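# Structure assessment
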Amino acid sequence: MKILGLSCSPRKKGNTVTLLEEMLKGAAEHGANTELFSISGKDIRGCDSCYSCFTKGECHIQDDMQPLYEKLLEADGIVFGSPIYTYGMTAQAKAIIDRIFALNQPGRTLTNKVCGVIVVAGSIGLIDALKDYYFFITVQRMLPANFVAAYATEKGDAAQLEKGMTAAFNLGKEVVQLVDKKFKFPNEFPRNFFAFGTHTH
Ligand SMILES: Cc1cc2nc3c(=O)[nH]c(=O)nc-3n(C[C@H](O)[C@H](O)[C@H](O)COP(=O)(O)O)c2cc1C
């Protein structure tokens, strides 16, 4: 079983990484193979709306999202981590979510993978990012695991949060336990990828 922690903080070894590492420790201690992917120092560009992924099955942008696509697909469980930047997830976190648009071929989706979230803020915006992440998780037909929402500002602050660190460790354990359940959405409830609502034709 593979559990991926994905840090969308540009800060090297910041609070998001600290909490994700604790989550991965919890997962590893419960039998998982774990990996941390940090976007710090990486080149993750925004979707350019070319739609070529619809016909070709892959994104044409050659940047650090390419190896991340494979890591996301290989993982049984994923925990997204992002600091709050201006009341929401970081631009890199949103770029990754947009670029996952390209994972839209049979056998190349995030459907049925277990997914948790870790968000970190100095003061305000945690719930906004959580809502965005869990809406994404719902639409992808992933299985939602718990979240950790922590208050930390300076580098090193998160490591001092006794409850936050315990919650992160427990999230790792929970993700492993949920993956073990081998949950699958029934085929009669396919992924509804597009935002068709009552207002569309
Ligand atoms: C550009 C920028 C915008 C930020 N905006 C917010 C914000 O809106 N709300 C908040 O509570 N903290 C905000 N912060 C603080 C970070 O969320 C906080 O420092 C967090 O611990 C950073 O996590 P990291 O160490 O994983 O990078 C901002 C920080 C930066 C650099």
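Here we summarise the structure given alongside this text.

About the cut-offs
Residues numbered from 1 in each chain as written. Predicted model: local features only at pLDDT ≥ 70, side-chain atom pairs only at ≥ 80, totals over all residues. Heavy atoms only, no water. Helix = DSSP H or I, 4+ residues; strand = E, 2+ residues; numbered from the N terminus. Buried < 20%, exposed > 50% of the residue type's maximum accessible area, 1.4 Å probe, protein only. Lys, Arg positive; Asp, Glu negative; His and termini not counted. Salt bridge = Lys/Arg side-chain N within 4 Å of Asp/Glu carboxyl O. Polar contact = N/O pair within 3.5 Å; in protein donor to acceptor, adjacent residues only side chain to side chain. Contact = heavy atoms within 4.5 Å. Near = heavy atom within 4 Å. Areas by Shrake-Rupley, 256 points an atom, 1.4 Å probe, with all protein chains shown as cover. Phe/Tyr/Trp six-rings, centres within 6.5 Å; stacked < 30°, edge-to-face > 60°.

One can find Lys113 in the loop between α4 (91-99) and β4 (114-121). Buried and without a salt bridge, Lys113 has Asp76 as its closest oppositely charged side chain, separated by 5.9 Å. From its side chain, Lys113 meets the backbone oxygen of Leu73 in a polar contact 2.7 Å long. If near-sequence neighbours (up to four positions away) are discounted, Lys113 is found in contact with Leu72, Leu73, Glu74, Ala75, Asp76, Ile78, Met142 and Leu143.

Attention now moves to the site of the ligand. In the region of the ligand, 17 residues are neighbours, and Ser9, Arg11, Thr16, Ser123 and Ala152 sit closest. Contact between the ligand and Gly122: an oxygen atom at 3.0 Å from a main-chain N or O atom of the residue. In this structure, an oxygen atom belonging to the ligand sits 2.5 Å away from a main-chain N or O atom of Ser123. Protein burial of the ligand: of its 640 Å² of free accessible surface, 76% is covered by the chains.

What follows is about the pattern of salt bridges. For the structure shown, the criterion picks out eight salt bridges. Among the ionic pairs, Glu70 bridges to Arg108, the shortest N-O distance being 3.3 Å. You can see Glu70 sitting in helix α3 (residues 65-74) and its partner Arg108 sitting in the loop between α4 and β4, a full 38 residues away along the chain. Look at Glu70 and you get partly exposed, because its relative accessible area is 36%. The salt bridge partner of Lys94 is Asp98, with a shortest N-O separation of 2.8 Å. Of this pair, Lys94 and Asp98 are both found in helix α4, four residues apart, which corresponds to roughly one turn of the helix. With relative accessibility at 31%, the residue Asp98 sits in the partly exposed group.

Taken as a whole and judged by the stated rule, the model has seven aromatic pairs. Taking the centre distance of 5.6 Å and the plane angle of 65° together, the rings of Tyr51 and Phe54 count as edge-to-face. With a relative accessible area of 44%, Tyr51 lands in the partly exposed category. Look at Phe54 and Phe101: their rings are 5.4 Å apart centre to centre, the planes differ by 35°, and that puts the pair in the tilted class. Of the two residues, Phe54 is situated in helix α2 (residues 52-56) and Phe101 in the loop between α4 and β4; the sequence distance between them amounts to 47 residues. Using a relative accessible area of 23% as the deciding quantity, one classes Phe101 as partly exposed.

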